[in-house]
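As a plain string of letters, each chain reads:
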Amino acid sequence: MLELHGVCVRYGKVDTLCDVTLCVPAGQTLAVVGESGAGKSTLIAAILGLVKLAAGQITWAGAPVHTCRPSLVMQEPRAAFNPVLPLRRSIMEPLTARAEQLSDARLAHICNRLELPIDLLDRKPGEVSIGQAQRAGILRALIAGSPLILFDEPLSALDAVTQKHTAQLIADLQDEMGFAALVVTHDLGYAAAFGDNIAVLRKGRVEEITPTHAFIQHPKSDYGEDLRQAAFALGALGYGA
Ligand SMILES: Nc1ncnc2c1ncn2[C@@H]1O[C@H](COP(=O)(O)OP(=O)(O)OP(=O)(O)O)[C@@H](O)[C@H]1O
Ligand SMILES: [Mg+2]
């Protein structure tokens, strides 16, 4: 289980995250929603150990979070890869760094689940579509074998049809492989379709954490209600149903 307890991150004199306490049980998804600048990417950077905590702890199964080697799926799929290397090199990098092997059968299985033709991995990031690059990013996270995968706006670079398909694919792979997922998104429709719980982040503070089915009916915070109303107005809730 991922646990954050009283986490604060400060840039200069500004508290970008303030007293953030939340947890993600193994195998579950927490969707963190909030407006631009709320601190969502900073939350991910904190979990990855890329920024210093001004206060608080982040643990996985009671040990410092880095021990579980969390994986990241980035918002900008092509930027997540070295542009001059074939995708395969970048995808294998987390394993190569640990001198671990992956059987061809396992790689073929996961590629198949992601609907990624395996010979596509011999191309450079600029030679595949954005949707394919995003699935290659998910592939890299999956084969790294981490029990915790962080997704930063995993669908925002994709068109609506590909979004829906990719969201379902992530959910199916999670059922199969059992990783915990923390997804930050401003797409409440996606959050509601696939998050077990929804956390609302505003100005660096957690306003509420609510089971998704309860959030859809009745968010606890005023800001959560504003987000819900906005999503209804856009017709986004019911997405994935
Ligand atoms: N390295 C940094 N130094 C100073 N301020 C930063 C730094 N990184 C982020 N910030 C500020 O922290 C706040 C939160 O940024 P963050 O990137 O976490 O937001 P976000 O919720 O991910 O937004 P978006 O939805 O636009 O991606 C913003 O005001 C941002 O300008
Ligand atoms: Mg962000």
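Every value quoted in this text rests on a predicted model; they were computed, and no experiment measured them. (Residues numbered from 1 in each chain as written. Chains lettered and ligands numbered in written order. Predicted model: local features only at pLDDT ≥ 70, side-chain atom pairs only at ≥ 80, totals over all residues. Heavy atoms only, no water.)

**Student:** If you had to explain helix α1 (residues 40-47) to someone new, which residues and values would you point to?
**Tutor:** Most of α1 is tucked away: 7 of the 8 residues are buried. Restricting attention to buried positions, one finds in α1 the residues Lys 40, Thr 42, Leu 43, Ile 44, Ala 45, Ala 46 and Ile 47. Following α1 by one or two positions, Gly 49 adopts a phi angle in the positive range, close to 75 degrees. (Buried < 20%, exposed > 50% of the residue type's maximum accessible area, 1.4 Å probe, protein only. Helix = DSSP H or I, 4+ residues; strand = E, 2+ residues; numbered from the N terminus.)

**Student:** A description of the packing of helix α2 (residues 87-97) against helix α4 (residues 130-143) should follow, citing residues and the corresponding values.
**Tutor:** Taken N-terminus to C-terminus, the directions of α2 and α4 make an angle of 25 degrees; their axes are 8 Å apart at the nearest point. Considering their axes alone, α2 and α4 lie roughly parallel with respect to each other. Remark: the crossing between α2 and α4 carries right-handed chirality. Contact residues: α2 offers Leu 87, Ser 90, Ile 91, Met 92, Pro 94 and Leu 95, while α4 offers Ala 136, Leu 139, Arg 140 and Ile 143. Taken together, the residues of the contact of α2 with α4 break down into 8 nonpolar, 1 polar and 1 charged. (Axes fitted to C-alpha atoms, helices over the stretch in contact; angles between N-to-C directions. Parallel < 35°, antiparallel > 145°, perpendicular 65-115°, else oblique. Left-handed = near helix turned anticlockwise from the far one by under 90°. Contact = heavy atoms within 4.5 Å. Nonpolar A, V, L, I, M, F, W, Y, C, P; charged D, E, K, R; others polar.)

**Student:** So what's going on with the domain arrangement of the protein? Residues and values would help.
**Tutor:** Structurally, the protein comprises domain 1 (1-70 + 148-241) and domain 2 (81-145). Between domain 1 and domain 2, the C-alpha centre-to-centre distance is 25 Å. Each partner contributes residues to the interface: domain 1 has 14 residues there, and domain 2 has 15 residues. Across the domain 1/domain 2 interface, buried area totals approximately 1200 Å², and carbon plus sulfur atoms make up 67% of it. Considering only the surface of domain 1 that becomes buried against domain 2, Leu 169, Leu 173 and Met 177 emerge as the three largest contributors, covering 33% of it. Our count for the domain 1 to domain 2 interface comes out at 1 salt bridge. Between Glu 176 and Arg 113 there is a salt bridge, with its nearest N and O atoms 2.7 Å apart. (Domains from an automatic or database assignment. Buried area = accessible area lost by both parts, 1.4 Å probe. Salt bridge = Lys/Arg side-chain N within 4 Å of Asp/Glu carboxyl O.)

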